[in-house]
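Take a look at the letters that make up each chain.
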Protein chains: 2
Amino acid sequence: MSINVSPIEASYGLMSTSESETDFVHHIALFAALLCACIVIGHLLEESRWMNESITALAIGLGTGCVILLTSGGTSSHILEFKQEFFFIYLLPPIIFNAGFQVKKKRFFQNFTTITSFGAIGTLVSFAIISFGATRLFPKLDIGYLEMKDYLSLGAIFSATDSVCTLQVLNQEETPLLYSLVFGEGVVNDATSVVLFNAITKFDLSDMNTYTALKFAGNFLSLFVLSTFLGVLVGLVCSFTIRTLYFGRNSTDREVSLMILMAYLSYVLAEVFGLSGILTVFFCGIVMSHYAWHNVTINSQVTTKHAFATMSFIAEIFIFMYVGMDSLDVEKWKFVKDSPLQSFGASAVLLGLMMVGRACFVFPISIISNLTTNRMSNKIEFKQQVTVWWAGLMRGAVSVALAYKKFTGSDEQSIQPANALLITSTIIIVLFSTVVFGLLTKPIINLLLPQSSNVDHKQPSSPKSIMMPLLGHGPDVDAERREDETLQNTTNLQMLFNNPTNSIHHYWRTFDDAFMRPVFGGRGFISYVTGARDVALT
Amino acid sequence: MSINVSPIEASYGLMSTSESETDFVHHIALFAALLCACIVIGHLLEESRWMNESITALAIGLGTGCVILLTSGGTSSHILEFKQEFFFIYLLPPIIFNAGFQVKKKRFFQNFTTITSFGAIGTLVSFAIISFGATRLFPKLDIGYLEMKDYLSLGAIFSATDSVCTLQVLNQEETPLLYSLVFGEGVVNDATSVVLFNAITKFDLSDMNTYTALKFAGNFLSLFVLSTFLGVLVGLVCSFTIRTLYFGRNSTDREVSLMILMAYLSYVLAEVFGLSGILTVFFCGIVMSHYAWHNVTINSQVTTKHAFATMSFIAEIFIFMYVGMDSLDVEKWKFVKDSPLQSFGASAVLLGLMMVGRACFVFPISIISNLTTNRMSNKIEFKQQVTVWWAGLMRGAVSVALAYKKFTGSDEQSIQPANALLITSTIIIVLFSTVVFGLLTKPIINLLLPQSSNVDHKQPSSPKSIMMPLLGHGPDVDAERREDETLQNTTNLQMLFNNPTNSIHHYWRTFDDAFMRPVFGGRGFISYVTGARDVALT
């Protein structure tokens, strides 16, 4: 067997280059069994004050890694080789699409300015501080030479937050503003950091001046706009097709298949055009839940809602389990053996920078947001600001995938010591932040927002599994309707005075009702073909 | 780039060894777009008297293959490399699991004897006739030397039927017996032919005598029994877990995830133990729909029902599209170029043998079945026998996958001329039977069973997408209930006299109600935890 294989051959399969077909089936079986175990144990620990799904998956991964390490005589700790292409092509799209599909659109767009400030500007601030801090502090640790590009990549990698843990604790009904801020920031942050990371790796940053900086910014912006546009376009095409052809007449499965395939298509199309698949698929999800979802049969509505959430759920626990298993990889620790202090030093420095970086934008942006809002319900209190700050301290799957993409080449043999150190630091940070910060989240939030403690255990386990009564409940029908009524009780002028974002939202709704819904369908829109169905729905 | 790669490296990815990462994303995008096109066109042609989904997918595959062939200058006709491992590990499990999950269990078990006779004994008869016929007729065609094993494999490959096309035309309500016979035979046939094929490839058949023949038969039987047992076991474990832990309390997604993962686990476990994954996952599907499905929330019921059907649907059109594309593969036709007559000759011989082989068991078994049944409604009329015979003439995905497994080695370079000829013959047979026989199916069945012609267009497109009203409808709740009533109006003795199978079914039901349902849950069983939910359901 040759080891001189092209890097791509083994990339999309989940396997290492040295295993046989039978081994592969064994490993898939073990992985499936572990995922089942993870779900069952996660369910049993549901009532626990401390645990959450991510920590359970990490712990199971670590445990399995130990067993494999012992049985294999210390040569290997994982059963499947994790390739970053696999993550970006198969695991990330369902997670992000589901985030867009289940987002409470009304809330999201009402707080649009604040959310994008947190997600986009905040990520940039975080990125700048981490990169700059690292360039100053890392040379003192003597960890070997790093290029400018490496520092910038580090900044992008560690500005990708993972707020799932906090979302599991927050109560969407009691603190709707806080929930939508944390959720929205998480999604925009994911997209921003990946776009930023890709821009950095593509761009030649060797001679940085005003011109290249401006070009970089322009590049970044056009990526943002074009990706969003593509996502909206694919979502609209899907809605229009389903509405015009009325698939439900013949088959529920065709509707569901078409939605799944179109969603995935939007992601790969973006990648083909060199755009950000994450942003595209996120907006595709929003548009689909706003139009297409209302054009399908009730069965398809229930199915898509839960099928997307399930895919996202499985992808998430898969990633955390893998991170747990991979954190014991002997190959990577071998490089660090001689200098364990440096690895922990680098991790500590990065953790510190992350905390400072977050503080540098959460509090200023909150204050500015409070100054521009007159509505009391939209003011972000200090305790809520601390919660937002805390929610973004965890690092998860995206950081790991980006770090792998950057610091492991196509060939495992060619890992530089400095790169190996950065990989191990990433693993340390992800493990530490997920486990330690994760375990502290429930107590801290109960301390900051004591009113939510009594309903804590009634919470659905995951933000994506909002338990909805079966009929007539869109991903956000209820919330929208309630706010529709509020909206109609205020005049346009009042609204413009009170909150400019709300007013923009109102004009959008008017436009939506007059032009978009008649063409693309949508909640409560009674069309000539789907009439009977929609009436039954509303 | 080395061509000396181990066979497994490229097997599980969907890609050829010569393409780059960007190419791969392009190809996935194209494939996703084609699948979408296939669904939309299939829907538009729904009303057509002749077309069905398989033919549409084949045609689109052929068309795309032509375009790629022309644009690539005649070097390649497909965009993704189809590996049989990919088919058996990812595409087949959802198709078979869904078949088990959606099967009308009551009907299936009522006609169990006839169905297994058709599926198991019939497949063996078919296998024997095709193998024997080929050993006699192929030498006359002068296609090169074939081993005994090759002839036996051919027999197994071409006894795997594909009755989807006929099922799309049959009306489940009007001809329930016929529908369950065709459906049941298709599933048992899939399993039998794959088990047979694996037994042949594993077994040393060089010196065939009574002892090895008996050993072979024993091996075959134990595979059958053990695989079934494993499937039932995993299904029961899943049902018990979901029932005992009551996942729905916290999250619908966990229930759905667990069902999907356990189903897949049953398949890979069977492969790990060297059993037949197809049989295992089929019985796992039956047990899950009988117990586990009734233990989950209503949302999970709707979701699993349609999500499984959707996965199966996508896998099926994917396969047919690929077959269309692959049928233009220049590599394979190159070998045949010098002897086109032989390739078509071999195909014609095999087609003839298939038709004879089917006739040799459908009519005898039907007659025996009619003699042992007293119930008029269970008699198979002559016209229905012809329909059953016709339904099994199409060859599809399983044949292609088995042929690839047998006749392409791990290395494309090593294809023998005789093997290439058998591959092209397989493609010709699949194309011909799917398109020609497929197009003739609707007219022929309307001729044989004229009563069904008037409701033809109201039919759901796929047997898996039975449009059910939303609530309280299990995969087979209605049918079961109706027959429950019939059952209670007859005494045990009468039943035993009329139909022994029915009586066995009755005793099973008593046992099921007394021992199984209290432990594993099931339709209408009101448990202490799930009480409220089940009452609402019934």
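Residues numbered from 1 in each chain as written. Chains lettered and ligands numbered in written order. Predicted model: local features only at pLDDT ≥ 70, side-chain atom pairs only at ≥ 80, totals over all residues. Heavy atoms only, no water.

Peer 1: Would you mind showing me how to read the overall build of chain A here?
Peer 2: The number of helices and strands found in chain A is 21 helices and zero strands. Sorting the 538 residues of chain A into buried and exposed places 64% on the buried side. The contacts in chain A between residues at least 6 apart in sequence include a share of 83% that link residues at least 24 apart. Accessible surface, chain A as shown: approximately 20300 Å² in total, 67% of it carbon and sulfur. (Helix = DSSP H or I, 4+ residues; strand = E, 2+ residues; numbered from the N terminus. Buried < 20%, exposed > 50% of the residue type's maximum accessible area, 1.4 Å probe, protein only. Contact = heavy atoms within 4.5 Å. Areas by Shrake-Rupley, 256 points an atom, 1.4 Å probe, with all protein chains shown as cover.)

Peer 1: In this structure, what is going on with the pattern of salt bridges? I would like to understand it.
Peer 2: Close approach of charged atoms lets side chains of opposite charge pair. All names here are of chain A. Evaluated as defined, the whole model comprises six salt bridges over all chains. Taking the shortest distance from any N to any O, the salt bridge between Arg517 and Asp512 comes out at 3.1 Å. Each member of the pair Arg517 and Asp512 is classed as buried. With its nearest N and O atoms 3.6 Å apart, the salt bridge here joins Arg517 to Asp513. Of this pair, Arg517 and Asp513 both sit in helix H20 (residues 500-520), four residues apart, roughly one helical turn. We classify Asp513 as partly exposed; its relative accessible area is 39%. Among the charged side chains, a salt-bridge network with shared partners connects Asp512, Asp513 and Arg517. (Salt bridge = Lys/Arg side-chain N within 4 Å of Asp/Glu carboxyl O.)

Peer 1: It is not clear to me how a nonpolar patch on the surface should be interpreted in this structure. Could you clarify?
Peer 2: Residues and elements named next belong to chain A. On the surface, a cluster of nonpolar side chains totalling about 280 Å² of accessible area is made up of Phe229, Leu233 and Val237. Relative to the helices and strands, Leu233 resides in helix H9 (residues 210-245). Residue Leu233 is classed as partly exposed on the basis of its relative accessible area of 41%. (Patch = residues over 30% accessible without salt bridge, like charges linked within 9 Å, V, L, I, M, F, W, Y side chains within 5 Å.)

Peer 1: In this structure, what is going on with the packing of helix H16 (residues 397-407) of chain A against helix H17 (residues 417-448) of chain A? I would like to understand it.
Peer 2: Two packed helices can be described by the angle between their axes and the distance between those axes. Residue and element names in this part refer to chain A. In contact at an axis separation of 10 Å, H16 and H17 are set at 175° when each is read in the N-to-C sense. Accordingly, the angle class assigned to the pair H16 and H17 is roughly antiparallel. Residues Ser399, Val400, Ala403, Tyr404 and Phe407 of H16 touch H17, and the partners they reach there are Asn419, Leu422, Ile423, Thr426, Ile427 and Val430. Each residue belonging to the contact of H16 with H17 can be placed in one class, and the counts come to eight nonpolar, three polar and no charged. (Axes fitted to C-alpha atoms, helices over the stretch in contact; angles between N-to-C directions. Parallel < 35°, antiparallel > 145°, perpendicular 65-115°, else oblique. Nonpolar A, V, L, I, M, F, W, Y, C, P; charged D, E, K, R; others polar.)

Peer 1: Would you explain the packing of aromatic side chains in this entry?
Peer 2: Counted according to the given criterion, the structure contains 30 aromatic pairs over all chains. Put simply, the rings of Trp389(A), Trp390(A), Phe432(A) and Phe437(A) touch in pairs and so form one group of aromatic residues. (Phe/Tyr/Trp six-rings, centres within 6.5 Å; stacked < 30°, edge-to-face > 60°.)

Peer 1: I keep staring at helix H5 (residues 112-141) of chain B and nothing clicks. Help me out?
Peer 2: Because each turn of an α-helix spans 3.6 residues, side chains separated by three or four positions in sequence point in the same direction. Residues and elements named next belong to chain B. When the terminal C-alpha atoms of H5 are compared, their 41 Å separation across 30 residues agrees well with the 44 Å that a helix rising 1.5 Å per residue should span. When the local axis directions of H5 are compared, the greatest deviation, roughly 35°, occurs at Thr135, which is followed within four positions by the proline Pro139. In the stretch just after H5, Asp142 is the one whose phi turns positive, near 60°. (Expected span 1.5 Å × (residues − 1). Bend = angle between axes of the 7 residues up to and from the residue.)

Peer 1: Teacher, can you tell me more about the nonpolar core here?
Peer 2: For soluble globular proteins, the rule of thumb is that nonpolar side chains tend to be buried together. Phe138(A), Met259(A), Met288(A), Phe138(B), Met259(B) and Met288(B) are the most contacted members of the largest nonpolar core, which has 283 residues in total. If near-sequence neighbours (up to four positions away) are discounted, Phe138(B) is found in contact with Ile143(B), Leu146(B), Tyr151(B), Leu154(B), Ala346(B), Val349(B), Leu350(B) and Leu422(B). (Core = buried A, V, L, I, M, F, W, Y, C linked by side-chain atoms within 4.5 Å.)

Peer 1: Help me understand the side chain of Thr161(B), please; the structure alone is not making it clear to me.
Peer 2: All names here are of chain B. For Thr161, the location among the structural elements is in the loop between helix H6 (148-157) and helix H7 (164-169). Since its relative accessible area comes to 7%, Thr161 is described here as buried. Those residues within four positions of Thr161 in sequence are excluded, and the remaining contacts are Gly186, Asn189, Asp190, Arg358, Gly392, Met394 and Arg395.

Peer 1: What exactly am I supposed to notice about the environment of Leu279(B) here?
Peer 2: All names here are of chain B. Relative to the assigned elements, Leu279 resides in helix H11 (residues 277-295). The exposure class of Leu279 is buried, given its relative accessible area of 4%. It is 24 Å that separates the C-alpha atoms of Leu279 and Ser369, two residues lying 90 residues apart in sequence.

Peer 1: Can you walk me through the packing of helix H8 (residues 176-202) of chain A against helix H15 (residues 382-391) of chain A in this structure?
Peer 2: Residue and element names in this part refer to chain A. Contact geometry of H8 with H15 gives a least axis separation of 10 Å together with a crossing angle of 25°. Classified by the angle between their axes, H8 and H15 sit roughly parallel to one another. Between H8 and H15 lies a crossing whose hand is right-handed. Where H8 approaches H15, its residues Leu177, Leu178, Val182 and Glu185 are matched on the opposing element by Gln384, Thr387, Val388 and Ala391. (Left-handed = near helix turned anticlockwise from the far one by under 90°.)

Peer 1: I'm lost on the confidence of the model for chain A in this one. Help?
Peer 2: If pLDDT is low for a region, its predicted coordinates should not be looked at in detail. All names here are of chain A. Here chain A averages 76 in pLDDT, while 76% of its residues score no lower than 70. For the stretch residues 1-19, pLDDT sits under 50, and the model shows 53 contacts to residues farther than four places along the chain or on other chains. Model confidence for the complex: the whole-complex pTM is 0.80, and ipTM, which rates the interface, is 0.79. (pLDDT = per-residue confidence, 0-100.)

Peer 1: I keep staring at the environment of Ile242(B) and nothing clicks. Help me out?
Peer 2: By secondary structure assignment, the location of Ile242(B) is in helix H9 (residues 210-245). Spatially, the C-alpha atoms of Ile242(B) and Ile95(B) are 23 Å apart, while their sequence positions differ by 147 residues.

Peer 1: Teacher, can you tell me more about the environment of Val323(A) here?
Peer 2: Residue and element names in this part refer to chain A. Considering the arrangement of structural elements, one finds Val323 in helix H12 (residues 298-326). Here the alpha-carbon distance between Val323 and Ala397, two residues 74 residues apart in the chain, equals 7.8 Å. Non-local contacts of Val323, meaning those with residues more than four positions away in its chain, are made with Leu58, Val400 and Val430.

Peer 1: Help me understand the state of the cysteines, please; the structure alone is not making it clear to me.
Peer 2: A covalent bond between the sulfur atoms of two cysteines is referred to as a disulfide. Counted according to the given criterion, the structure contains zero disulfides over all chains. Cys238(A) forms no disulfide, and the closest cysteine sulfur to it belongs to Cys284(A), at a distance of 6.9 Å. (Disulfide = S-S within 2.5 Å.)

Peer 1: What is the right way to read the side chain of Asn111(A) from this model?
Peer 2: Residue and element names in this part refer to chain A. By secondary structure assignment, the location of Asn111 is in the loop between helix H4 (105-110) and helix H5 (112-141). Residue class for Asn111 comes out buried when judged on its relative accessible area of 4%. Polar contacts involving the side chain of Asn111 include one to the side chain of Ser180, which spans 3.1 Å. Here Asn111 is in contact with Leu177, Ser180, Leu181 and Asn378, once residues within four sequence places are set aside. (Polar contact = N/O pair within 3.5 Å; in protein donor to acceptor, adjacent residues only side chain to side chain.)

Peer 1: Got a minute to help me understand H11(B) in this structure?
Peer 2: Compared with the 27 Å implied by 1.5 Å per residue over 19 residues, the 25 Å span of H11(B) between its first and last C-alpha is a close match. The axis of H11(B) is deflected most strongly, by about 45°, at Met288(B).

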